[in-house]
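What the coordinates show
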Amino acid sequence: MKFNLKYFAVILGTVFLAGCDGDFEELNKDPNSATADRFNPSYLFTTAQLYTARGDENATLYYASCFVQHFASLSNVGIFDHHGDKYVYHKGNNELLWKTTFNPSTGPAVLLEDVLQLSKDKPEFNNLVQMARIWKTIVYHRLTDMYGDIPYSEAGKGYYEQLYKPKYDAQRDIYYHMLSELEDATAKIDLSGNTFAQADIVYKGNLARWKKLGYSMMLRLGMRLSKVEPDVARTWVSKAFTGGVFTSNEDDLFVKFTDATGTNATLSNGQSMTITIGAAPGKIAATYFNYLKNTNDPRLKHTAAVYTNPFDQSTIITDPARQKGLPNGLDRITLPNDPSFDPSRPEQEHQYSGARRDVYGRLDGPRMLLTNAEVQLMLAEAVVRGWISGDAESYYKAGVAAGMKQLRTYSESANISDAEINAYLAANPFAADSEGRLELINTQYWIATFLNGYESFANVRRSGYPKLTPINYPDNETGGKFPGRLRYPEDEAVLNEDNYFAAVAIQGTDNFITKVWWDK
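Each residue is numbered by its place in its chain's sequence as written, counting from 1. Thresholds applied to this predicted model are a pLDDT of at least 70 for local features of residues and 80 or more for the giving and counting of side-chain atom pairs; totals over whole chains, interfaces and linings are not thresholded and use all residues. Only hydrogens and water are removed before side-chain values are computed, so all heavy atoms of the structure are retained for them.

1. Some remarks on unusual backbone geometry
- That bond from Tyr-465 to Pro-466 is cis: its omega, -5°, falls within 30 degrees of zero.
- The numbering of helices and of strands both runs from the N terminus, where a helix is a DSSP run of H or I of at least 4 residues and a strand a run of E of at least 2. If you trace the backbone, Pro-466 turns up in the loop between α21 (453–463) and α22 (492–495).
- Phi angles above zero are rare outside glycine, and His-82 is one such case at about 50°.
- Summarising the element assignment, His-82 is placed in the loop between β1 (71–72) and α5 (91–101).
- For His-82, a relative accessible area of 3% translates into the label buried. Per-residue accessibility, obtained with a 1.4 Å probe over protein chains only, is compared with the maximum for each type, and a residue is labelled buried under 20%, exposed over 50%, and partly exposed between these values.

Laid out in structure tokens, this is it:
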């Protein structure tokens, strides 16, 4: 039976996280006789939420966050981390987001398809269906943003329709469908219906926030089309704005992990593990560090610190005069020749700042997926473009303030006062001209999406801001050009041969240089 291993394994892995103790009687039945009519699909939804934020960390940290110069590393091709720092290829981490998304047991794409199949035509599961449809856009939009054309309409349907070699859908078609799904699913959420609070580890069944999430995702996806189809982008951005998007940091979408010790790795934040105990946790990139420093951004004091011993959190330097970011594209051989290196300092390569482990390294910390800061900044851009009404500067200031306040979600100690925020805004005023405003808005978006590498990488490609200088490390994958995407998994050319080559023929060569549809 389909339920024997897969369904009961994922329930056991997440039941304590979800707090679903009210259904143990139903679960305590012979698994060999399990049927779709007796199985509660909300448990699968819990697991899908969890694994959207767990297991893919090396893809976002080592590639996307390095592409946008949030992080830098001295690793070379022979050391397997932070590959995006030098645009080099590493099979495992290049494929990681794809593999975790479609994992047969824990992949959110597979689990969400199960939720939808088991819930369809059952009115009592209406809200669960709509939540799953909204969550599906979260899963697939980041996958298509990183790879381009991907399996979508036929994905996850191997068991149900015997589609074991799904076709690759064009990214344009995927985006159009996701936007339509968001519109329909958000409208069909019944605020008086079952909230599925025990199964929902992000909003605890707050359906009003789910509606805001649907429209905020519509805003993000609509804005993504600003370069390729601005008229279509305007339509969807306007719909999202009218529908009602995030209005405060209480609406932020994140998965909060529960194991602060790392005993149960599944329930601990994987990004935080890398930052805190990773063998090579990386450094704050000089591009990011210097922008915060040069603008006197109060976030810097909560973001960066020097750890002279990478395995000992007590050897920490917080004095701003002793901190600096690591330039991208260096290794241990070229480092001593870089002007940033101080040979007199005893810390050697560890004289550069890393991410604050007491803020971003908490194993019970959050994995941010979509925030109010992003939403307010997108609204500011929409006003500048003339797509919605309102005051662009007000939205901009709200976005900056929200970005600073969201650090408290990582740690209560990372508190930035209103006075500090107001002083920052006064010292860094809103630009007077439209292009200057777009640059300022999207540079702040780049700051606000620190540790959300997928989104930061997507928005840098879409907006062109901040203007990053590409890296040209020897034997890199792009010839010194800024990356446009990741490569497809190597086994796709064997396991799904016809569809893989059809996609490559349409999209372009399967390399880091080829751009995705909305970036062309």
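Having put the structure on the table, let's press on.
2. Describing the layout of surface pockets
- The rule is simple: put a 1 Å grid over the protein atoms alone, call a set of points where a 1.4 Å probe fits but cannot get out a cavity, call an open set with protein on both sides within 12 Å along at least five of seven lines a pocket, and count a residue as lining if it has an atom within 4 Å of a point. Grid points are joined across faces, edges and corners, and a volume is the space filled by probe spheres set on the points. In this structure, the largest pocket spans a volume of roughly 590 Å³.
- Along its surface, the largest pocket is lined by 25 residues, and Phe-102, Pro-104, Val-110, Tyr-164 and Pro-166 are the ones closest to its centre.
- Contributions of two or more residues to the lining of the largest pocket are made by α5, α6 (108–119), α8 (158–161) and α22.
- Broken down by element, the lining of the largest pocket gets its largest block of residues, three residues, from α8.
- The residue classification treats Ala, Val, Leu, Ile, Met, Phe, Trp, Tyr, Cys and Pro as nonpolar and Asp, Glu, Lys and Arg as charged. All others, Gly included, are polar. Across the lining of the largest pocket, the residue classes break down as 12 nonpolar, four polar and nine charged.
- In this structure, the second largest pocket occupies an estimated 370 Å³ of space.

3. Side note on the sheet that holds strand β6 (residues 304–307)
- Two strands are counted as paired when DSSP detects at least two bridges linking them. Spatially, the three strands line up as an open sheet ordered β7-β6-β8, and their pairing is antiparallel. This sheet does not close on itself; its edge strands, each paired only once, are β7 (316–317) and β8 (353–355).

4. Let's talk about the packing of aromatic side chains
- Aromatic rings from Phe, Tyr and Trp, with only the six-membered ring used for Trp, were paired whenever their centres fell within 6.5 Å, and each pair was classed as stacked if the ring planes differed by under 30 degrees, edge-to-face if by over 60, and tilted otherwise. By the definition in use, this model includes 29 aromatic pairs.
- Relative to Tyr-168, the ring of Trp-98 has its centre 5.9 Å away and its plane inclined at 40°; by these criteria the two rings are tilted. Pair noted here: Trp-98 is in helix α5 and Tyr-168 is in strand β3 (residues 168–169), with a separation of 70 residues, a long-range link. Neither Trp-98 nor Tyr-168 differs from the other in exposure class; each is buried.
- The interplanar angle of 85° and the centroid separation of 5.2 Å between the aromatic rings of Tyr-168 and Tyr-488 together place this pair among those described as edge-to-face. In this pair, Tyr-168 sits in strand β3 while Tyr-488 sits in the loop between α21 and α22, placing the two residues 320 residues apart along the sequence.

5. A closer look at the packing of helix α7 (residues 126–147) against helix α9 (residues 171–188)
- Put simply, α7 and α9 touch, their axes get as near as 9 Å, and they point 155° apart. In terms of axis orientation, α7 runs roughly antiparallel to α9. Once α7 is placed against α9, the crossing between them reads as left-handed. For the pair α7 and α9, the contacting residues are Asn-126, Asn-127, Gln-130, Arg-133, Ile-134, Thr-137, Tyr-140, His-141, Thr-144 and Asp-145 in the first and Gln-171, Ile-174, Tyr-175, Met-178, Glu-181, Leu-182, Asp-184, Ala-185, Thr-186 and Lys-188 in the second.
- Grouping the amino acids of the contact of α7 with α9 by side-chain chemistry returns seven nonpolar, eight polar and five charged. An axis is simply a line fitted to the C-alpha atoms; with a helix, the fit covers only the stretch in contact. Between two such axes, the angle follows the N-to-C directions and lies from 0 to 180 degrees. Put simply, angles under 35 degrees are roughly parallel, angles over 145 are roughly antiparallel, angles from 65 to 115 are roughly perpendicular, and the rest are oblique. Two helices that cross are described as forming a left-handed crossing if the nearer one is turned anticlockwise from the farther one by less than a right angle, and a right-handed crossing if clockwise. In this description, contact between two residues means that some pair of their heavy atoms is separated by no more than 4.5 Å.

6. Things to note about the packing of helix α13 (residues 286–294) against helix α20 (residues 434–448)
- Running from amino to carboxyl end, α13 crosses α20 at an angle of 115°, the nearest separation of the two axes being 11 Å. As for the relative orientation of α13 and α20, their crossing is left-handed in sense. Only Leu-440, Thr-443, Trp-446 and Ile-447 of α20 make contact with α13, whose side of the interface consists of Thr-287, Tyr-288, Tyr-291 and Leu-292.
- For the contact of α13 with α20, the per-class residue count stands at six nonpolar, two polar and no charged.

7. Here we look at the side chain of Glu-95
- Along the polypeptide, Glu-95 turns up in helix α5.
- Exposure remark for Glu-95: the relative accessible area of 4% places this residue in the buried category.
- Residues within four places of Glu-95 in sequence aside, it is in contact with Tyr-89, Tyr-147, Pro-489 and Glu-490.

8. So, helix α4 (residues 57–67)
- Burial of α4 is extensive: 10 of the 11 residues sit out of reach of the surface.
- Residues of α4 that are buried include every one of Glu-57, Ala-59, Thr-60, Leu-61, Tyr-62, Tyr-63, Ala-64, Ser-65, Cys-66 and Phe-67, and no others.
- Residue Gln-69 follows α4 closely and has a positive phi angle near 60°.

9. Thoughts on the side chain of Thr-303
- Structurally, Thr-303 can be placed in helix α14 (residues 300–303).
- A polar contact of 2.7 Å, which involves the side chain of Thr-303, links it to the backbone oxygen of Arg-299.
- What Thr-303 contacts, discounting residues up to four positions off in sequence, is Ile-284, Tyr-288, Gly-354, Ala-355, Arg-356, Tyr-360, Leu-407 and Phe-450. Think of a polar contact as two N or O atoms within 3.5 Å of one another; within protein, one of them needs to be a possible hydrogen donor and the other a possible acceptor, and neighboring residues in sequence only count if both atoms come from side chains.

In short, shape yes, function no, at least from these values alone.
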